[in-house]
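In case you want the letters, here they are:
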Amino acid sequence: MAERIRRREFLRAGATAGVAAMLPRGALGQAPAVVRPKTARPAVVASANGHEFTNGGPRTCVQEAWERIVRGEDPLDALVAGVEIVELDPLDDSVGFGGLPNADGVVQLDACVMHGPKRRAGAVAALEGVRTAARVARAVADHTDHHLLVGRGAQEFARGMGFRIEDDLNTENSRRKWLEWKRRIDPGHWLDPDRRERAAAAARREMIAAGRLDPEKAWGTIHASAVTSAGALASVTTTSGLAWKIPGRVGDSPILGAGNYCADGVGAAGSTGRGEANLFSLGSFWIVEQLRLGSHPKDAVMAALRRVREGIAEKRLLDARGLPGFDVKFYALDAGGRFAAGSLYRGPRARFAVCDADGPRFVPTEPLLDQEILTQ
Ligand code: ASP
């Protein structure tokens, strides 16, 4: 029934209450039917590493995906090709090849893809040995009846689909950082040849003992979403997850509705930062549902951040100021091409990447708090 509401009326209705009032009784409880805009301002939105040239390549993730969608390519194909630039980049240690490994020194990847028009989703978690986790997640969506494959099963699936399986996805950089971490947490067994390191190591140990991993270094992920001029949406999140995690730990990135969500004709959302905080609130699903009810992407991401902030009940998750000892960022793009991103904290790293008719660029995220994150 709601599909019959004309776009003009939908736009006029604007705010949540207006749209809600036009829906049939009870519809809000059961995912209201979609009012799909006929056209959109095409856009690609991503976490900041979606527009960072760390490998000196000709195009960043958002540029690659944008060029593909304006050529008429499928939005998910375009995004997977875009994030692959970051996954394959040995210098980006938050994703794919060269991502920071788990506590055992093994790189385990999580990824999730969603295709709006096809209503497909696929994800992998704790995947070892394949650089391009998002492409494997795409294969799960396209070739299986399942949404999430993990660990050994995910790797065997990838092997069966023709992906190259490698013994080790570490680079010299990720291995060096892992060894440094090992020395710091276990100085009795792992000797540090550089004595000047010891003072820093002590500080680091204190932080870890307090449950506060270095908030600037511990997380890293790429999320990207796109909308075509026809209003077709897709989204991807891919990551090596939390650095030095307990082997087998899965974050929010590959979980539908947590690190990534996309609903045809409505919008897409994703997250980076402390996965546990987001798993608790399923931020991406919640944001997309706010878009469905008529919220602007900016209002939806800020409301999701408030939920994260309010969800902190344990002191170990707070810093000396009583503020969150971590950051979370949410990104949202609606079916009309409006977008926004928000972070808990402000600061130089509080930015995201966009590519649309105005070109590729960084845009500041809207901070929930007026402070910068405390780093060691
Ligand atoms: N959210 C990811 C995770 O918790 C990490 C990140 O985004 O930095 O695994």
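Not measured: the values here are computed from a predicted model.

Here is what the cut-offs are and how they apply
- Residues numbered from 1 in each chain as written.
- Predicted model: local features only at pLDDT ≥ 70, side-chain atom pairs only at ≥ 80, totals over all residues.
- Heavy atoms only, no water.
- Buried < 20%, exposed > 50% of the residue type's maximum accessible area, 1.4 Å probe, protein only.
- Helix = DSSP H or I, 4+ residues; strand = E, 2+ residues; numbered from the N terminus.
- Pairing = 2+ DSSP bridges.
- Axes fitted to C-alpha atoms, helices over the stretch in contact; angles between N-to-C directions.
- Contact = heavy atoms within 4.5 Å.
- Near = heavy atom within 4 Å.
- Polar contact = N/O pair within 3.5 Å; in protein donor to acceptor, adjacent residues only side chain to side chain.
- Areas by Shrake-Rupley, 256 points an atom, 1.4 Å probe, with all protein chains shown as cover.
- 1 Å grid on protein atoms, 1.4 Å probe; cavity = no way out; pocket = protein on both sides within 12 Å on 5 of 7 lines; lining within 4 Å.
- Sits in = over half its atoms within 2 Å of the grid points.
- Nonpolar A, V, L, I, M, F, W, Y, C, P; charged D, E, K, R; others polar.

**Q** Describe in detail the pairing of strand 5 (residues 221-227), supporting the description with residues and values.
**A** Of all seven residues in strand 5, seven are buried; the element is thus mostly enclosed. The alternating pattern of strand 5 places Thr 221, His 223, Ser 225 and Val 227 and Ile 222, Ala 224 and Ala 226 on opposite faces, both of which are buried. Alignment of strand 1 (residues 43-47) against strand 5, held across four bridges, turns out to be antiparallel. Looking at strand 5, one finds that Ala 43 is bridged to Val 227. Across seven bridges, the pairing between strand 5 and strand 6 (residues 233-239) is antiparallel. The partner of Thr 221 across the bridge, within strand 6, is Thr 239. Count of turn residues in the strand 5/strand 6 antiparallel hairpin: five residues, of which Gly 231 carries a positive phi of about 85 degrees.

**Q** Run through the sheet that holds strand 7 (residues 260-263), naming residues and quoting values.
**A** A sheet is described by the order of its strands in space; here five strands give the open sequence 7-8-9-10-13, paired in mixed fashion. Each end of this open sheet is capped by a strand with a single partner; those strands are strand 7 and strand 13 (366-367). Pairing geometry for strand 10 (residues 339-343) and strand 13, over two bridges, is parallel. Each residue of the ladder has a partner; that of Ser 343, found in strand 13, is Pro 367.

**Q** Account for the sheet that holds strand 3 (residues 120-127), with residues named and values stated.
**A** Ordered in space as 4-3-2-6-5-1-11-12, the eight strands form an open sheet in which the pairing is mixed. The strands lining the two open edges of the sheet, one partner per strand, are strand 4 (148-150) and strand 12 (359-364). Neighbour to neighbour, the strand axes of the sheet diverge by 10 degrees on average, direction disregarded. Strand direction decides the pairing type here: strand 2 (residues 109-115) and strand 3, joined by six bridges, are antiparallel. Paired with Ala 111 across the strands is Val 124, a residue of strand 3. Running over the sheet, helix 3 (residues 61-70) touches strand 1, strand 5, strand 11 (351-356) and strand 12 and is turned about 160 degrees from strand 1.

**Q** Go over the site of the ligand, please, and point to the residues and values.
**A** Taken together, the neighbourhood of the ligand is formed by twelve residues, with Gly 220, Thr 221, Arg 249, Asp 252 and Gly 273 sitting nearest. With respect to the ligand, the backbone of Gly 275 contributes an N or O atom lying 2.9 Å from an oxygen atom. Alone, the ligand offers 260 Å² of accessible surface; in the complex the protein occludes 99% of this. With respect to the pocket detection grid, the ligand is positioned in the largest cavity. Here the shell around the ligand is built from residues that sort into two nonpolar, eight polar and two charged.

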